[in-house]
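Report on the structure
Listed below, chain by chain, are the residues.
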Amino acid sequence: AQTVTQSQPEMSVQEAETVTLSCTYDTSESNYYLFWYKQPPSRQMILVIRQEAYKQQNATENRFSVNFQKAAKSFSLKISDSQLGDTAMYFCAFMSPRDDKIIFGKGTRLHILP
Amino acid sequence: SAVISQKPSRDICQRGTSLTIQCQVDSQVTMMFWYRQQPGQSLTLIATANQGSEATYESGFVIDKFPISRPNLTFSTLTVSNMSPEDSSIYLCSVGVTSSYEQYFGPGTRLTVT
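Residues numbered from 1 in each chain as written. Chains lettered and ligands numbered in written order. Predicted model: local features only at pLDDT ≥ 70, side-chain atom pairs only at ≥ 80, totals over all residues. Heavy atoms only, no water.

1. Some words on the state of the cysteines
With the rule as written, the count across this model stands at two disulfides over all chains. Between the sulfur atoms of Cys23 of chain A and its disulfide partner Cys92 of chain A the distance amounts to 2.0 Å. Where Cys23 of chain A bonds to Cys92 of chain A through sulfur, the torsion about that S-S bond is close to -70°, and the disulfide is left-handed. With a gap of 69 residues between them, Cys23 of chain A in the loop between β3 (19–21) and β4 (24–26) and Cys92 of chain A in strand β10 (residues 88–95) connect regions that are remote in the sequence. Just as Cys23 of chain A is buried, Cys92 of chain A falls in that class too. The disulfide partner of Cys23 of chain B is Cys93 of chain B, and the gap between their sulfur atoms is 2.0 Å. The disulfide joining Cys23 of chain B to Cys93 of chain B has a torsion of about 70° about its S-S bond and is therefore right-handed. Of this pair, Cys23 of chain B sits in strand β3 (residues 19–25) while Cys93 of chain B is found in strand β9 (residues 89–97), placing the two residues 70 residues apart along the sequence. For the pair formed by Cys23 of chain B and Cys93 of chain B, the shared burial category is buried. Free cysteine Cys13 of chain B: the closest other cysteine sulfur is in Cys93 of chain B, separated by 17 Å. (Disulfide = S-S within 2.5 Å. Helix = DSSP H or I, 4+ residues; strand = E, 2+ residues; numbered from the N terminus. Buried < 20%, exposed > 50% of the residue type's maximum accessible area, 1.4 Å probe, protein only.)

Next up, the structure:
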C-alpha cells in the first residue's frame, strides 16, 4: 500500500524568505502522480503543483517549485519569496492512475510571519 | 480546472438525524470523490461516486452510514446517516480531470453533531 509522510507538522518563516516543505512516499508502482495542495483557513483545497513520476524535470509554478527525487521517493516543495497569503496547511499527495485515488500526508502547517 | 459548489456550507445537527450534502460541478466529469477531514487532520477518502452504478467505498466506510447518489455527470450527494458526535467533520467532494490526473475540491461542508 502507498503511504505519504510529512515529517514537519508545523513551520514558521519570515515574509520574503524561502521555505522548503518535506515529503516522502512509498510505492511499488513506477507510474504515478504527486501533488502539493494548499488549504488556507477558509478550508478550500487548492492544487499548488503537480509532478508526473515519469518526468525527470521538476515542476514549477511561479514561486512554487518541487525537488522530485524518484529513487529516494522524495518530493519536497519550495516556496520562494514567501508571502503572508501563503499561510496555510500544505498537504503532499500521491495518486496512482490505476484508480485515481489520492492518498494524503498528514500535512504541514506553515506560518508566514510579517 | 472545474468550479465545484457544495451545499450546505455548514450545519449543526442533532444526534440520530441525517444530513444530505450536495456537490455540483460546472462541467461533466467522470470521477467524483467524497472525503472526510476530521478536525486538525488530513483528508480520508470515503468513496468514489460512480455515475450510473453504486459507489465504491473505502475500508471503514459503509453504504448504510454514508449513502451516495450520482444521478448524472455533474452532481452527487453524500448522506451522513444516524449521526453521532464522532461524525463532526468537514466533508469535501472532489472531481477528477481524466486528461491531467488532477483533482479539484469543493469548498467543503462543516458538520457539527451535538
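2. Quick word on the interface of chain A and chain B
The partner chain B presents 25 residues to the 19 residues of chain A that form the contact. On the chain A side of the contact with chain B, Arg43, Asp100 and Lys101 of chain A bury the most area, a combined 33% of that side's loss. Linking chain A to chain B there are two salt bridges. Between Glu102 of chain B and Arg50 of chain A there is a salt bridge, and its shortest N-O distance comes to 3.3 Å. Run the count over chain A and chain B and you get eight residue pairs in polar contact (both at pLDDT 80 or more). Ranked by residues supplied to the side of chain A that touches chain B, first place goes to strand β5 (residues 33–39) of chain A with four residues. (Contact = heavy atoms within 4.5 Å. Buried area = accessible area lost by both parts, 1.4 Å probe. Salt bridge = Lys/Arg side-chain N within 4 Å of Asp/Glu carboxyl O. Polar contact = N/O pair within 3.5 Å; in protein donor to acceptor, adjacent residues only side chain to side chain.)

3. Details of the side chain of Gln2 of chain A
Residues and elements named next belong to chain A. Its location among the elements puts Gln2 in the segment before β1 (3–5). Polar side-chain contacts of Gln2 include one of 2.8 Å to the side chain of Glu29. When near neighbours in sequence (up to four residues on either side) are disregarded, Gln2 contacts Asp26, Thr27, Glu29, Phe94, Arg98 and Ile103.

4. Brief notes about unusual backbone geometry
Here the amide bond leading from Lys7 of chain B into Pro8 of chain B is cis, since omega sits at -10°, within 30 degrees of zero. Relative to the helices and strands, Pro8 of chain B is located in the loop between β1 (4–7) and β2 (10–13). Of note, the phi angle at Lys73 of chain A is positive, near 55°, even though the residue is not glycine. Within the secondary structure, Lys73 of chain A sits in the loop between β8 (64–69) and β9 (74–79). Note on Lys73 of chain A: relative accessible area 26%, which makes it partly exposed.

5. Here we look at the sheet that holds β3 of chain B
Residue and element names in this part refer to chain B. One open sheet accounts for four strands, arranged β1-β3-β8-β7; its pairing is antiparallel. For this open sheet the edge positions go to β1 and β7 (68–72), each flanked by a neighbour on one side alone. Mean inter-strand twist for the sheet, computed between neighbouring axes without regard to direction, equals 15°. Two elements, β1 and β3, share four bridges in a ladder whose sense is antiparallel. (Pairing = 2+ DSSP bridges. Axes fitted to C-alpha atoms, helices over the stretch in contact; angles between N-to-C directions.)

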